[in-house]
Each structure stands twice: as structure tokens, then as C-alpha cells.
Amino acid sequence: LPLCFPQKLWKMLESDQFQSIWWSEGGKCVAINKDLFKEEVLGRRVCQRVFNTRHIKSVIRQLNLYGFTKVQRDFQRSASLPEFLSEEAAASAHSQILYYYNPSFNRAHPWLLGMCKRR
């Protein structure tokens, strides 16, 4: 039987094969490095594909269909200009990372995976 989207996602997160996707927030969120994910996962040859798409928007659509919500990261900004500029550079690099949360998708509670249903 082919795996559904949440099962594929779980297997990727638990595998050490992918550097572009990992558990965040102690296993409560999925973190995706957008550019690396495009190259590492979506850029694979047809016979090695995890998902039937080459587009990050399609993966994000699937996340939304299965009840994942995007988590925003808030950064405290420094008052001094040099610190602010270095924080801006870090935030810019950080903006390549997408965070998604679903209460039924938690590393510590794998039995909840069955509750991840398509809307």
C-alpha cells in the first residue's frame, strides 16, 4: 500500500537521509529548509521521488490539507545598528526555513499520526 502524505513526511523526518527537513520544537513542529528541500527532495529523478511533485507549493498545499499550520518566528531586534544588521542577516537566512505545526503530528506521540486526516 502506498503511504499517505503524513506517513511519508514522518518517515522522512525519522530518516537520517534528509538534511532539508527535521523535527523542531522538541518534536512538535516540522522544519523545512525551502531551498535545500527543493534540491534534495523535489529535485530527485522520477524513480527516487518521495512526492509526486517537483514544486514546493504543492507540498505546502498538502501540509495545509492535512491540518498543518505555518508557525511564525518572532525575533527580538537590537537597538544598535551593527547588532540589528547582523540579526537581519541571520533572520534572512532563517526565512528560508518554514515551520509547520499539527497537534496530531508529534514525534513523542506517533499513535496520533492516524488522526492526521485530509480535510
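Residues numbered from 1 in each chain as written. Predicted model: local features only at pLDDT ≥ 70, side-chain atom pairs only at ≥ 80, totals over all residues. Heavy atoms only, no water.

The protein chain carries the name HSFY1 protein in an unreviewed UniProt entry, which gives Anthoscopus minutus as its organism. Quoted verbatim from the Subcellular location (unreviewed entry) field of UniProt, the annotation for the protein chain is "Nucleus". Quoted verbatim from the Sequence similarities (unreviewed entry) field of the UniProt record, the comment on the protein chain reads "Belongs to the HSF family." (UniProt positions renumbered as here; feature names shortened; annotations may be inferred.)

### A few points about the nonpolar core
Judged by nonpolar contacts, the single largest core of 25 residues is most densely connected at Leu 9, Ile 21, Phe 37, Phe 51 and Phe 105. For this core, the secondary-structure elements that each account for two or more residues are α1 (5-14), β1 (21-24), β2 (29-33), α3 (56-65) and β4 (97-101). Take this core: its biggest share by element is 5 residues, from α1. (Core = buried A, V, L, I, M, F, W, Y, C linked by side-chain atoms within 4.5 Å. Buried < 20%, exposed > 50% of the residue type's maximum accessible area, 1.4 Å probe, protein only. Helix = DSSP H or I, 4+ residues; strand = E, 2+ residues; numbered from the N terminus.)

### Some details on the sheet that holds β4
Pairing in this open sheet of 4 strands is antiparallel, and the strands run β1-β2-β4-β3 from one edge to the other. With partners counted over all chains shown, the strands left at the sheet margins are β1 and β3 (69-70), one partner each. Both β1 and β2 contribute to a ladder of 4 bridges, which runs antiparallel. By the bridge assignment for β2, Ile 21 is matched with Ile 32. (Pairing = 2+ DSSP bridges.)

### Examining the pairing of β2
Extensive coverage of β2 is indicated by the burial of 4 of its 5 residues. Between β1 and β2, which follow one another and run antiparallel, lie 4 residues, and Glu 25 among them has a positive phi close to 50°. The sheet contact formed by β2 and β4 spans 5 bridges and is antiparallel. Bridge pairing in β4 places Val 30 opposite Tyr 100.

### Comments concerning the pairing of β4
Among the 5 residues that make up β4, 4 are buried, leaving the element largely enclosed by the rest of the structure. As judged from the 2 bridges shared by β3 and β4, these two strands associate in the antiparallel manner. Residue Thr 69 lies in a different strand from β4, and its bridge partner there is Tyr 101.

### Focus: the packing of aromatic side chains
Overall, the coordinates contain 7 aromatic pairs when judged by the stated rule. Measuring from ring centre to ring centre gives 5.3 Å for Phe 5 and Phe 51, while their planes differ by 35°; the resulting arrangement is tilted. Within this pair, whereas Phe 5 is found in helix α1, its partner Phe 51 is found in the loop between α2 (34-40) and α3, the two being separated by 46 residues in sequence. For Phe 5, a relative accessible area of 7% puts it in the buried group. Ring centres of Phe 5 and Tyr 66 lie 5.8 Å apart, and the angle between their planes is 20°; on these two criteria the pair is classed as stacked. Highlighted residues: Phe 5 in helix α1 and Tyr 66 in the loop between α3 and β3, separated in sequence by 61 residues. Both residues of the pair, Phe 5 and Tyr 66, belong to the buried class. Every member of this aromatic cluster is reached through a ring pair, and the members are Phe 5, Phe 37, Phe 51 and Tyr 66. (Phe/Tyr/Trp six-rings, centres within 6.5 Å; stacked < 30°, edge-to-face > 60°.)

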